[in-house]
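Tertiary structure, described
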Amino acid sequence: MNTRLTSPHALVAALATAGVIGAVGAGAYTSARAVNAPTNAASVAPAMVTLPDFSTITSRDGPAVVNISVTGTAKASDAEAAAEMQGIDPDDPMFQFFRRFQGQAGPRAQQRDVPVRAQGSGFIVSPDGIIMTNAHVVKDAKEVTVKLTDRREYRAKVLGADAKTDIAVLKIDARNLPTLALGNTKDLKVGEWVLAIGSPFGFENTVTAGVVSAKGRSLPDDSYVPFIQTDVAVNPGNSGGPLLNTRGEVVGINSQIYSRSGGYQGVSFAIPIDVAVQVKDQIVATGKATHARLGVAVQEVNQAFADSFKLDKPEGALVSNIEKGGPGDKAGLKAGDVIRKVDDQPIVSSGDLPAVIGQQAPGKKVTLEVWRQGERQALSARLGDASDKPTQVAKNESAAGQGKLGLALRPLQPQEKREAAIENGLLIEDVAGPSAMAGVQAGDVLLAINGTPAKSLEQVREVVARADKSVALLIQRGEDKIFVPVRIG
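Note that the structure is a prediction, hence the values are computed from the model and not measured.

A few words on the overall build of the protein chain. Regarding its fold elements, the protein chain presents 11 helices and 30 strands. Contacts in the protein chain between residues at least 24 apart in sequence constitute 62% of all its contacts with a sequence separation of at least 6. When the accessible surface of the protein chain is summed, it comes to about 25700 Å², and 50% of that surface belongs to carbon and sulfur atoms.

Rendered as structure tokens:
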């Protein structure tokens, strides 16, 4: 058998002529899998992939991205002020030396105002000078300067800032400015190409690209925002800059990074433009933004909780505490309810609930679908104002063990009930086995088990006997009420 080497171009042309692959156009990539390929390769259409033209997006939309410089003052000790004047970073070991030196000075150390300077990014959304950025970029600012790509500079007025969503709106006195088109986050897909333009570390109009890693991320301190996660390189100074899709539309505002070093480590978070525009419109109209609240504390539904409450999958927001007289209390919510929908919008994780509720207007009436005692129920709630008291998300970091319950319980004395302000409950005197592994502590008060009030030891035994894999304990620890999942089989 004669073997002849063929050039790649000739081989591709021959295969295309034979109909094995499709013709390859200029500027496109053809991808074929050599392993586990279908027997009839001619029946499989080639994968044509065209990369986005980042240069066109940058040249067209870059002029609408601005650099924001902020100056202000902050209180600092004499030693800290000296370190600041020497240009020492607060994370530098020498800065800690100045702090220790100041500590040795004792009560003679003075507090003084030191200048604070910061930089961020923003983008123009209106030709008459309306600019969107992050609230943390302009926090405590005494003077805000906006610099355009053509090097013009303007003194900016902060129309308003909303710390709950980290959105701020600025206004400069200018006309006929370039603007960015606003997109729709709902149409954004995981894996889609996105582009960031900003001023990382002060390097103005820096362009970085990546893909959408996930949508609807809930962060511990920002429960009002369902963040877009990307792998776009975002660094300090990118805050407030736009996240663009391949059509040049803003789909998010770069806000945070996950980092152990202070720099980019592959995980960045952007505020969805839908949320940002809603806040921006309120600030432009009234100078502030309002958010609704339900008045409940919720926690994540894990597999152990799903087993305990007979849920088909671990989804929803588990209500662990309810503000007395609040919107949730008036709606009839109870500890142990699992909220699964708000006005037909699914609640998959506990962080979804504050984000969905927080974007509503105070006073709005919503329908809640809850899971209670193995059945779906619909409740109607009129939302309150988050400026009174924000919705809380209870954190549950306990791990579940295996085996028997491992609790030593006794009924509460009348005086103990009065002191704890509860009607029913059992005092946990000792903890062992799976309950100890799950994080239950001696001195906790067991209020309910699998949604059934813990009124007696016999009642607890009956619920445990009927349980399959795990039980959900509602306990009170001090003034807090949380659910703890405990594996029993």
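After that view, the rundown keeps rolling.
Another aspect to go through is unusual backbone geometry. Backbone geometry at aspartate 344 places phi at a positive 70 degrees, although glycine is not the residue there. Among the structural elements, aspartate 344 can be located in the loop between β19 (338-342) and β20 (345-346). A residue is classified by how much of its surface remains accessible, and aspartate 344, at 67% relative accessible area, is exposed.

Under the definition given, this model contains 5 aromatic pairs. Seen in terms of ring centroids, phenylalanine 54 and tryptophan 193 are 5.7 Å apart; in terms of plane orientation they differ by 65 degrees. Their pairing is edge-to-face. Taken together, the residues span a long stretch of sequence, with phenylalanine 54 in helix α2 (residues 54-61) and tryptophan 193 in strand β10 (residues 193-198) at a distance of 139 residues. Phenylalanine 54 sits in the partly exposed class, given a relative accessible area of 26%. Tryptophan 193 gets classed as partly exposed once you look at its relative accessible area, which sits at 35%. Between phenylalanine 227 and phenylalanine 269, the aromatic rings sit 6.1 Å apart at their centres with planes inclined by 75 degrees, giving edge-to-face as the arrangement. One end of the pair, phenylalanine 227, is in strand β12 (residues 222-230); the other, phenylalanine 269, is in strand β15 (residues 268-272), with 42 residues separating them in the sequence.

A few words on the environment of threonine 286. When you line up the elements, threonine 286 lands in helix α5 (residues 273-286). At 2.9 Å, the side chain of threonine 286 forms a polar contact with the backbone oxygen of lysine 288.

To continue, consider the side chain of serine 435. Along the chain, serine 435 falls in helix α10 (residues 433-438). Judged by its relative accessible area of 0%, serine 435 falls in the buried class. Apart from residues no more than four positions distant in its own chain, serine 435 is found in contact with Leu405, Gly406, Leu407, Val440, Leu473 and Val486.

Further remarks concern the environment of leucine 243. Examined against the element boundaries, leucine 243 turns out to sit in strand β13 (residues 242-244). The exposure class of leucine 243 is buried, given its relative accessible area of 0%. For the pair leucine 243 and isoleucine 253, spaced 10 residues apart in sequence, the C-alpha separation works out to 5.7 Å. The contact partners of leucine 243, leaving out residues within four places of it in the chain, are Val194, Leu195, Ala196, Ile228, Thr230, Val232, Glu249, Val250, Val251, Gly252, Asn254 and Ala270.

Attention shifts here to the confidence of the model for the protein chain. Per-residue confidence for the protein chain gives a mean pLDDT of 81, with 78% of residues at or over 70. In this model, residues 1-6 is a region of pLDDT below 50 whose contacts with residues beyond four sequence positions or in other chains number 1 contact. pLDDT under 50 marks residues 11-37. Its contacts with residues more than four places away, or in other chains, come to 25 contacts.

Within this structure, the stated rule accounts for 14 salt bridges. When the shortest N-O distance is used, the salt bridge between glutamate 204 and lysine 147 registers 3.3 Å. Remark: lysine 147 occurs in strand β6 (residues 143-147) and glutamate 204 occurs in the loop between β10 and β11 (206-219); sequence separation between them is 57 residues. For aspartate 307, the salt bridge identified is with arginine 487, shortest N-O distance 3.0 Å. Taken together, the residues aspartate 307 in helix α6 (residues 303-308) and arginine 487 in strand β30 (residues 480-487) connect sequence positions 180 residues apart.

With that out of the way, let us pick up the side chain of aspartate 166. Positionally, aspartate 166 belongs in the loop between β7 (153-162) and β8 (167-171). Buried within the structure, aspartate 166 lacks any salt-bridge partner; its nearest side chain of opposite charge belongs to lysine 139, at an N-O separation of 9.1 Å. Within the structure, aspartate 166 has its side chain in polar contact with the side chain of histidine 136 (distance 2.8 Å). Not counting residues up to four positions away in its chain, the partners in contact with aspartate 166 are Thr133, Asn134, Ala135, His136, Ser255 and Ile271.

Here the structure, examined in full by the defined rule, presents 1 cavity of 30 Å³ or more. The volume enclosed by the largest cavity comes to roughly 50 Å³. If you trace the largest cavity, you find it lined by Thr165, Val275, Gln278, Val279, Gln282, Thr290, His291, Gly358, Gln359 and Gln360. Residues that form the lining of the largest cavity fall into these classes: 2 nonpolar, 8 polar and no charged.

Parameters and conventions
- Residues numbered from 1 in each chain as written.
- Predicted model: local features only at pLDDT ≥ 70, side-chain atom pairs only at ≥ 80, totals over all residues.
- Heavy atoms only, no water.
- Helix = DSSP H or I, 4+ residues; strand = E, 2+ residues; numbered from the N terminus.
- Contact = heavy atoms within 4.5 Å.
- Areas by Shrake-Rupley, 256 points an atom, 1.4 Å probe, with all protein chains shown as cover.
- Buried < 20%, exposed > 50% of the residue type's maximum accessible area, 1.4 Å probe, protein only.
- Phe/Tyr/Trp six-rings, centres within 6.5 Å; stacked < 30°, edge-to-face > 60°.
- Polar contact = N/O pair within 3.5 Å; in protein donor to acceptor, adjacent residues only side chain to side chain.
- pLDDT = per-residue confidence, 0-100.
- Salt bridge = Lys/Arg side-chain N within 4 Å of Asp/Glu carboxyl O.
- Lys, Arg positive; Asp, Glu negative; His and termini not counted.
- 1 Å grid on protein atoms, 1.4 Å probe; cavity = no way out; pocket = protein on both sides within 12 Å on 5 of 7 lines; lining within 4 Å.
- Points joined across faces, edges and corners; volume = space filled by probe spheres on them.
- Nonpolar A, V, L, I, M, F, W, Y, C, P; charged D, E, K, R; others polar.

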